[in-house]
Amino acid sequence: MGVTLTEQAADRVKKFLENRGKGVGLRLGVKTSGCSGMAYVLEFADTIEEQDQVFESHGVKVIVDPKSLLYLDGTELDYTREGLNEGFKFNNPNVKESCGCGESFTV
Amino acid sequence: MALLQISEPGQSEAPHQHRLAAGIDLGTTNSLVATVRSGVADTLPDAQGRHLLPSVVHYRREGPPLVGWEALERATTHPLDTIASVKRLMGRGVEDLKNLADRLPWEFVDTDSAVPRIRTSAGEVSPVEISAEILKVLRRRAEESLGGELTGVVITVPAYFDDAQRQATKDAARLAGLNVLRLLNEPTAAAVAYGLDRAEEGVIAVYDLGGGTFDISILRLEKGVFHVLSTAGDTALGGDDMDRLIAAWIMEQAGIPDDAGHHQLRRLMRDARAAKEALTGAGEVPLAIELEDGSTWHGTLDRERLNTLIDPLIRKTLSPCRRALRDAGVSAEEIREVVMVGGSTRVPRVREKVGEFFGRPPLVEIDPDKVVAIGAALQADLLAGNRPDGEMLLLDVTPLSLGIETMGGLVEKIIPRNTTIPVARAQEFTTYKDGQTAMTIHVLQGEREMVSDCRSLARFTLRGIPPMVAGAPRIRVTYQVDADGLLSVTAREQTSGVEASIEVKPSYGLEDAEVERMLRESLEHAEEDLEARRLREQQVEADRVLEALDAALAEDGERFLPADEREAVEAARARLAELRDGDDPQAIKRAIEALEAACAGFVERRMNARIQEAMTGHTVDEFE
C-alpha cells in the first residue's frame, strides 16, 4: 500500500519544487481539526525525520509520518481542474465521510 | 471536494482558514489579478483562458454594467456609456477635468462636489465607482479560482500617483468589497516579481513601455526598502505608435491613399500589430493586405525594416531615461538590473536598445504584461501571512516631501521625500504675534522651498490658543502617513491641550507630468530656492523687528529714547525698512544688526524700568 501520486500530480509537484529552489519532497499528513474531525496537511518538505515513511512516486519523494499513515494508507493524490479552480485532491479510501468543503473528514 | 495547494513547511492552515490573497494590477488599458498557489505566483485567467481584462466598463439602462472584453466591443457603438482609461481620471477634481474634458468623449455632470461624475444610461457614475466595477470582476475571478473569499489584496499604482489618486484607488477597492493590504508602486512590484528585493542593496531601473504610455523609474534598494529615486516618461507613447508607423509604411508600399476609409484603416492597424508581433519570433513576415477594390496587395516586412521604422520611437523613450538617471543622480553604469514591463518590451529592438543604453541585458524572463501583477501577488501572499517568518516585509516610501507653511510663504519639510512609511513626525511651532489665538496649518506637498512652488494639500485652523506673548505657546504639529501613503495632520497646543486635525482628503489635481516636473524643478532650482529661502527668512525677521520696535516706541519712546539716540534709531529703522524690500539677505541681516545696536540703550533702559515696575511692592524671594 502506501501513498501514491498520479502522474499529473507528480508533474506539478516537480515543477513547484523546482520553482521553489529547495526541498526534498512533498509531505502529506493529517491533523485533528476542521468540521469533520481531521484535516489534510500538504506541504513542501525540507527535511525527512527518522520515523518518516518515504514513498517514491513518479520520481517524487512523498513523505508521511507514521501516525498520519494510519489514515492515509492507500491514498492517491491527484491534481485536477474544476472550473477556474485547480489544485490537489486526496483520493483516500479510508474516508467514511467528509464535510461539504472537503477539507476535513472522518475515518 | 475542495482542491488543496501545497504550503510551506509548518504553514498548513486549519480548514476554512486559508488566507487567500491576490495581487491586482489595475491598469489604464488592461487589468490583471494574480495569486500564489503552491509557492508559484501567476496571473489568473477567466473561463475563456484570457488573463488580461480590458479596463473598460459599459453601462446599460437594464442590468449590471459589462466589464472587460464585452464592454470593449461596445466602445465604438456606445461611446457615451463605455468608459475606458478611467485610471487617468482617478483622484482628479472637476477643475482638472475641465482642461481634459474637451478631449474626453463622455458627458460630465455639472456638480458642486469636488468629484467629477459621468452621465451614462445607468445614471451618474464617478471614476471611483467605475474602477470598482473592474475590481469586482477581478475579485470574483480570484475567488472562483481560489475557491474561497479573499482575505486581502495588494493593488499596484504608478509611482507618481499622489495622495488623492492613491486614496481614490483605495476607495474603489473598498467599494468592490476588497480589503486592501497595501498599495504598491508598479515599478516596485515588477522588481519584487524578479526577487530583486532579496538583494541587499543596489540601483534598479524599471522600463515600462505599454500600449499607450511609457514610464521609467529608478529605484534604490536599501535594507529591503525600495526608494523611488526618480520617475520620468511620456503619457502618449507606446506600442500603438509603433503600429501606426508600420501601418503608414504599408499604406505607402501598397499605394493606399491617406484618406482611406475608417474601416480599412482599422484593419490596417490590426495587420500592422500582427506583423509587429510575428516579428518578435520571425525574421520576416509576409503581408497580404485587402484593398478597397477587392484585390490583395502582397509584400513582406522584415526585422530590419521594422527596426528602421521604430528606431525614432525607441530613441524617444531614451531621453526620459537619461532625465530619470540625471534626476536620480546616478549613472547608467550604477544600474544593477533593468526590469522590462509592458507588452511593447517584447519587441527585440526595444530590448536591444535598452540593453545598450544601460550597458547590460535587461530582465525579460517574466511575461512583461504580467510582471507587475505577479509582484503584487507575492507581496499580498507575504502580507496575508502565508510565508515562513523571517522573510522581509517590503516597505514603501513617500513619493514627495510633506511640509507646512511657515511665515513668509516658506515651506518647512516635516516628512522628507523617500521616508519609509508608515511614519509619524512631529515638530513644534509657536505664535508670531502677541495674543495670537488661532493658527492656520497649511499642509503642502513638494520639494521646493516656497509655498507657491509646492502643491497645497489641505488647510485647517487651530483655534482657542490661550492669548500669550509671541513665541510662548507650544504647538505640536504631527504628520502621520499610513502604510498606503495617506496623510493625517494633527496640531495641538501643549499648555492648554486644544487640538485640531485633518485627514487629508487632498485637494484633487496633479498631472503625472506635474509630479515629475515638481521633482525635476526642485533639483534644478535647488540653489535659487535656497537663496529665496534665505531672503524670505531675513525679510520675516526684519518685519518682526520693525513691528516690535514700532510697538515699543509708541509705548515708551517718549520716556526712554533721548532725542540724540532717536535720530540714530530712526535712521537705522529707515535703512532696514528700505533694504527689507530688496533682494539681498546679507544686507537685511546687517541692517537688522545695525538697528538692534542703535536701539541697545533704549531696550536696556526700557527693560530695567519694566523689571523695576514688576518688582515694586514684592520681595525678591517671591521671584525665586
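Above this note sits the structure.
Here goes a summary of the coordinates provided. Since the structure is predicted, the reported quantities are computational estimates derived from the model, not experimental observations.

### A word on the overall build of chain A
Right, so step 1: Helix and strand counts for chain A come out as two helices and nine strands.
Right, so step 2: Overall, chain A shows an N-to-C arrangement of helices and strands of β-α-β-β-β-β-α-β-β-β-β.
Right, so step 3: When burial is assessed residue by residue, chain A has 49% of its 107 residues classed as buried.
Right, so step 4: Sequence-distant contacts, at least 24 apart, represent 53% of the contacts inside chain A between residues at least 6 apart.
Right, so step 5: For chain A, the accessible area works out to roughly 5,300 Å², and carbon and sulfur atoms hold 45% of it.

### A short note on a nonpolar patch on the surface
Right, so step 1: Together, Val24, Ile48 and Val54 of chain A give the surface a local cluster of nonpolar side chains, amounting to about 210 Å² of exposed area.
Right, so step 2: Tracing the backbone shows Ile48 of chain A in the loop between strand E3 (38-45) and strand E4 (53-57).

### Here we look at helix H5 (residues 186-193) of chain B
At 3.6 residues per turn, the α-helix brings residues three or four places apart onto the same side.
Residues and elements named next belong to chain B.
Right, so step 1: Extensive coverage of H5 is indicated by the burial of eight of its eight residues.
Right, so step 2: Turning to H5, its buried residues number three or more, namely Glu186, Pro187, Thr188, Ala189, Ala190, Ala191, Val192 and Ala193.
Right, so step 3: Gly195 sits one or two residues past H5 and shows a positive phi near 70°.

### Concerning the pairing of strand E2 (residues 30-37) of chain B
Residue and element names in this part refer to chain B.
Right, so step 1: Counted residue by residue, E2 has seven buried out of eight residues, so it is predominantly covered.
Right, so step 2: Hairpin connection between strand E1 (residues 20-26) and E2: a loop of three residues separates the two successive antiparallel strands.
Right, so step 3: Two elements, E2 and strand E4 (residues 53-54), share two bridges in a ladder whose sense is antiparallel. The partner of Ser31 across the bridge, within E4, is Leu53.
Right, so step 4: The hairpin formed by E2 and strand E3 (residues 40-43) contains two residues between the paired strands, and Ser38 there has a positive phi angle of roughly 50°.

### Considering the sheet that holds strand E6 (residues 76-82) of chain A
Residue and element names in this part refer to chain A.
Right, so step 1: Spatially, E1-E6-E7 is the arrangement adopted by the three strands of the open sheet, whose pairing is mixed. Edge positions in the sheet fall to strand E1 (4-5) and strand E7 (85-91), since each has one partner strand and no second.
Right, so step 2: Where E1 lies against E6, two bridges are found, and the strand directions are parallel. Looking across to E6, one finds that Leu5 is bridged to Leu77.
Right, so step 3: Across the face of the sheet, helix H1 (residues 7-20) comes into contact with E1, E6 and E7 while running at roughly 85° to E6.

### Section: the packing of helix H3 (residues 127-146) of chain B against helix H4 (residues 163-175) of chain B
The geometry of a pair of packed helices is captured by two quantities: the angle between their axes and the separation between those axes.
Residue and element names in this part refer to chain B.
Right, so step 1: Viewed as axis vectors pointing N to C, H3 and H4 meet at an angle of 55°, and their least axial separation amounts to 8 Å. Looking at the two axes, H3 sits oblique to H4. Here H3 runs over H4; the crossing is right-handed. Contact residues: H3 offers Val128, Glu129, Ser131, Ala132, Leu135 and Lys136, while H4 offers Ala168, Asp171, Ala172, Ala173 and Leu175.
Right, so step 2: Partitioned by chemical class, the residues of the contact of H3 with H4 number seven nonpolar, one polar and three charged.

### Topic: the environment of Leu84 of chain A
Right, so step 1: Among the structural elements, Leu84 of chain A can be located in the loop between E6 and E7.
Right, so step 2: Residues within four places of Leu84 of chain A in sequence aside, it is in contact with Arg37, Pro45, Asp46, Ala47, Arg141, Glu144 and Ser145 of chain B.

### A closer look at the packing of aromatic side chains
Right, so step 1: Scanning all chains against the criterion turns up six aromatic pairs over all chains.
Right, so step 2: Aromatic side chains Phe357 of chain B and Phe358 of chain B sit 4.8 Å apart centroid to centroid with 85° between the ring planes, which places their arrangement in the edge-to-face category. Here the two residues Phe357 of chain B and Phe358 of chain B agree in accessibility, since each one is buried.
Right, so step 3: Taken together through their ring pairs, the aromatic side chains of Phe16, Tyr79 and Phe88 of chain A make up a single cluster.

### Some details on helix H6 (residues 239-254) of chain B
Residues and elements named next belong to chain B.
Right, so step 1: Taking 1.5 Å per residue as the helical rise, H6 with its 16 residues ought to reach 22 Å, and the 23 Å between its terminal C-alpha atoms agrees with that figure.
Right, so step 2: Within H6, the full set of buried residues consists of Gly239, Asp241, Met242, Asp243, Ile246, Ala247, Trp249, Ile250, Met251 and Ala254.
Right, so step 3: Looking at the packing, one finds that the buried side of H6 touches strand E13 (201-209), helix H7 (262-278), strand E16 (284-290), strand E17 (296-302), helix H8 (303-328) and helix H9 (348-358).
Right, so step 4: Phi turns positive, to about 70°, at Gly255, one or two residues after H6.

### Looking at the pattern of salt bridges
Residues and elements named next belong to chain B.
Right, so step 1: Under the criterion given, the structure shown has 32 salt bridges over all chains.
Right, so step 2: The salt bridge involving Lys136 is made with Glu133; its shortest N-O contact spans 3.4 Å. Here the residue Lys136 and the residue Glu133 both occupy positions in helix H3, the gap between them amounting to three residues, near one helical turn.
Right, so step 3: Overall, the relative accessible area of 31% leaves Lys136 in the partly exposed class.

### Quick notes on the sheet that holds E13 of chain B
Residue and element names in this part refer to chain B.
Right, so step 1: Spatial strand order, E15-E14-E13-E18: four strands in an open sheet with mixed pairing. One side of each edge strand has no neighbouring strand; the edge strands of this open sheet are strand E15 (225-234) and strand E18 (335-341). Averaged over neighbouring strand pairs, the angle between their axes works out to 20° when direction is ignored.
Right, so step 2: Here six bridges tie E13 to E18, and the two strands are oriented parallel to one another. By the bridge assignment for E18, Val206 is matched with Val339.
Right, so step 3: Strands in contact with H9 are E13, strand E14 (214-222) and E18; relative to E18, the strand with the most contacts, it is inclined by about 160°.

Conventions and cut-offs
Residues numbered from 1 in each chain as written. Chains lettered and ligands numbered in written order. Predicted model: local features only at pLDDT ≥ 70, side-chain atom pairs only at ≥ 80, totals over all residues. Heavy atoms only, no water. Helix = DSSP H or I, 4+ residues; strand = E, 2+ residues; numbered from the N terminus. Buried < 20%, exposed > 50% of the residue type's maximum accessible area, 1.4 Å probe, protein only. Contact = heavy atoms within 4.5 Å. Areas by Shrake-Rupley, 256 points an atom, 1.4 Å probe, with all protein chains shown as cover. Patch = residues over 30% accessible without salt bridge, like charges linked within 9 Å, V, L, I, M, F, W, Y side chains within 5 Å. Salt bridge = Lys/Arg side-chain N within 4 Å of Asp/Glu carboxyl O. Pairing = 2+ DSSP bridges. Axes fitted to C-alpha atoms, helices over the stretch in contact; angles between N-to-C directions. Parallel < 35°, antiparallel > 145°, perpendicular 65-115°, else oblique. Left-handed = near helix turned anticlockwise from the far one by under 90°. Nonpolar A, V, L, I, M, F, W, Y, C, P; charged D, E, K, R; others polar. Phe/Tyr/Trp six-rings, centres within 6.5 Å; stacked < 30°, edge-to-face > 60°. Expected span 1.5 Å × (residues − 1).

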